[in-house]
Amino acid sequence: MKLSPVELSSTVATESENGVRRMTTQRMLRQRLEDLRRAGVTHVPAGVSELVAAIALPAESHRPAKPATATRAQVASMLQHPASSSRPQPAAVGSADSPPVRRSTIEATPVARTPAAHAPVRQFAQPSAALPKKYSADMSDPQRPCSTLSRSERETQLTSLADRVAACIRCQELAETRTQTVFGVGNPEADIMFLGEAPGADEDRQGEPFVGRAGKLLNDIITACRLTREEVYICNILRCRPPGNRTPNPQEAANCREFLDGQIEIVNPKYIICWGSCAAQNLLDTKAAIGKLRGEFFDYKGIKVLCTYHPSYLLRQPAAKKDVWEDMKFFRADMGVKL
Ligand code: SF4
């Protein structure tokens, strides 16, 4: 049995008038075709199939667009004009202007997150006031990577990590107010890593950690320890300046932890010196006061961690310099250097 388009349209119209108005036209047509097939209709005019396809097309186009992942260029553009858009508007995937985006690559890269949709990679812990695990000489921590990377490999990996940091917008407020990210500087093969809190105004301007007045004091301490700045690697808990130099909040520290852990893993130092309570408490996941954390080594993945006062604190409280000097003597003695 064959049906003309006119007969089919008439059948549909009749049923519409009989109370099936709630069905979409597309569903009605499909259902009617199925009914006709069951009734023995084996052929429909070519025009009917095209009619179904034509009706189906607008329905498809009304589907919500799958959010496209932003490219780095789009993230950078959004950061340059933070007020212009709360979300990047990526070009169509695979368009002539934009090469296809490999979803797996972008998803593994935090720079692709939008401010609205970002999620911290690491939820911040609820630290206790208990002292963290102390370092013990006979401790063999399987977590500590035994780095076999060459200097150039470390430099390459640090550069790659710094590129990701430069485009990071996990902390929306910081990303919108920073002049630039402050990644870290120093010897990629250093045995000693200095860890501070966050960039201040000078660091934000120059893109390097510890360059202001506190940085000058740190340089003096480095010299007094018979070291050079080039022998250590220096970075912070955060890589963006908190507005007004406020203390980093726990979520910001958690957001940035992946980058810190990346730097620690690549540089693979034997010692980490935490300057100030923010660095000490965040690295060691503790609320213990800096005064209680001084004077002994704690363990972080098999690395000896020494905590002492921040140079900024010493500028306000010069009397604490003698305590820092005691800490430096203790630390350098462990390296076989008598001060
Ligand atoms: S502080 Fe760290 S996590 Fe936050 S936006 Fe800057 S680089 Fe990203």
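Residue positions are given per chain, counted from 1 along the sequence in the order it is written. For this predicted model, a pLDDT threshold of at least 70 governs which residues receive local features, and a threshold of 80 or more governs which side-chain atom pairs are given and counted, while totals over whole chains, interfaces and linings are taken from all residues.

1. So, the overall build of the protein
Item 1. Numbered from the N terminus, helices here are DSSP runs of H or I no shorter than four residues, and strands are runs of E no shorter than two. Scanning the protein from terminus to terminus reveals 14 helices and six strands.
Item 2. Buried, partly exposed and exposed are defined by the number of other C-beta atoms within 10 Å of a residue's own C-beta, namely 20 or more, between the two limits, and 12 or fewer respectively, with C-beta atoms placed from the backbone. Out of the 339 residues belonging to the protein, those deemed buried represent 31%.
Item 3. The contacts in the protein between residues at least 6 apart in sequence include a share of 74% that link residues at least 24 apart. We call two residues in contact when the distance between their C-beta atoms, placed using the backbone, is within 7 Å.

2. Some details on the site of the ligand
Item 1. Only the C-beta atom matters for this test: placed from the backbone, it must lie within 6 Å of a molecule or strand for the residue to be near it. Near the ligand you find 15 residues, and of these Cys168, Cys171, Cys240, Asn255 and Cys256 are the closest.
Item 2. In terms of residues, the shell around the ligand owes the most to one element, helix α10 (residues 250-267), which gives four residues.
Item 3. Under the scheme applied here, ten amino acids are nonpolar (Ala, Val, Leu, Ile, Met, Phe, Trp, Tyr, Cys and Pro), four are charged (Asp, Glu, Lys and Arg), and all others, including Gly, are polar. Broken down by class, the residue content of the shell around the ligand amounts to ten nonpolar, two polar and three charged.

3. Considerations on the nonpolar core
In summary, soluble globular proteins display a tendency toward joint burial of nonpolar side chains.
Item 1. Definition of nonpolar core: a set of buried Ala, Val, Leu, Ile, Met, Phe, Trp, Tyr and Cys residues joined via C-beta atoms within 7 Å. Counting residues in hydrophobic clusters, the biggest one holds 57 residues, and the most contacted among them are Met193, Leu195, Ile272, Cys274 and Val305.
Item 2. Here this core takes seven residues from α10, the largest share from any one element.
Item 3. Not counting residues up to four positions away in its chain, the partners in contact with Leu195 are Cys235, Asn236, Ile237, Ile272, Ile273, Cys274, Trp275, Ala279 and Leu283.

4. Topic: the pairing of strand β4 (residues 271-275)
Item 1. Burial analysis of β4 places five of its five residues in the buried class, which makes it a mostly covered element.
Item 2. Residues Tyr271, Ile273 and Trp275 line one face of β4 and the alternating positions Ile272 and Cys274 line the opposite face, and both faces are buried.
Item 3. For two strands to pair, DSSP has to find at least two bridges joining them. Where strand β2 (residues 192-196) meets β4, four bridges bridge the pair, whose relative direction is parallel. Bridge pairing in β4 links Phe194 to Ile273.
Item 4. With five bridges connecting them, β4 and strand β6 (residues 303-308) associate as parallel partners.

5. A few points about unusual backbone geometry
Item 1. Positioned with a positive phi, Arg226 is a non-glycine residue whose angle comes to about 60°.
Item 2. Along the chain, Arg226 falls in the loop between α9 (213-224) and β3 (232-236).
Item 3. Backbone geometry at Asn245 places phi at a positive 60°, although glycine is not the residue there.
Item 4. Using a count of 13 C-beta atoms within 10 Å as the deciding quantity, one classes Asn245 as partly exposed.

6. Examining the sheet that holds strand β1 (residues 185-186)
Item 1. Pairing within the open sheet is mixed, and its six strands lie in the order β1-β3-β2-β4-β6-β5. Of all the strands in the sheet, just β1 and β5 (298-300) have a single pairing partner and so form its edges.
Item 2. Across the sheet, helix α14 (residues 321-334) lies against β4 and β6, angled at about 165° from β6, the strand it touches most. Fitted lines through C-alpha atoms serve as axes, helices being fitted only where they are in contact, and the angles separating the N-to-C directions of these axes extend from 0 to 180 degrees.

7. Observations regarding α10
Item 1. Between the first and last C-alpha of α10 there are 25 Å, a value that for 18 residues agrees with the 26 Å anticipated at 1.5 Å per step.
Item 2. Largest kink in α10: about 45°, centred on Cys256.
Item 3. Looking only at α10, the buried set comprises Glu252, Ala253, Asn255, Cys256, Phe259, Leu260, Gln263, Ile264, Ile266 and Val267.
Item 4. Buried residues in α10 make contact with α6 (151-166), α7 (172-177), β2, β3 and α11 (277-284). To estimate how far a helix should reach, multiply one less than its number of residues by 1.5 Å. Bend at a residue means the angle formed by two fitted axes: the first through the 7 residues ending at that position, the second through the 7 residues beginning there.

8. Quick look at the pairing of β2
Item 1. Buried residues dominate β2, accounting for five of its five residues.
Item 2. Every second residue of β2 is oriented toward a common face, with Ile192, Phe194 and Gly196 on one face and Met193 and Leu195 on the other, all of them buried.

9. Concerning the packing of α6 against α10
Item 1. In contact at an axis separation of 10 Å, α6 and α10 are set at 175° when each is read in the N-to-C sense. By the angle between their axes, α6 is roughly antiparallel relative to α10. Every residue of α10 that contacts α6 at Arg154, Gln157, Leu158, Leu161 and Val165 is listed here: Phe259, Gly262, Gln263, Ile266 and Val267. Between 65 and 115 degrees an angle is taken as roughly perpendicular, under 35 as roughly parallel, over 145 as roughly antiparallel, and anywhere else as oblique.

10. Quick notes on α11
Item 1. Across the eight residues that make up α11, a large majority, eight, are buried.
Item 2. If you check which residues of α11 are buried, you get Ser277, Cys278, Ala279, Ala280, Gln281, Asn282, Leu283 and Leu284.
Item 3. Contacts from the buried residues of α11 go to β2, α10, β4, α12 (290-293), β5 and β6.
Item 4. Just past α11, the residue Asp285 takes up positive phi, approximately 50°.

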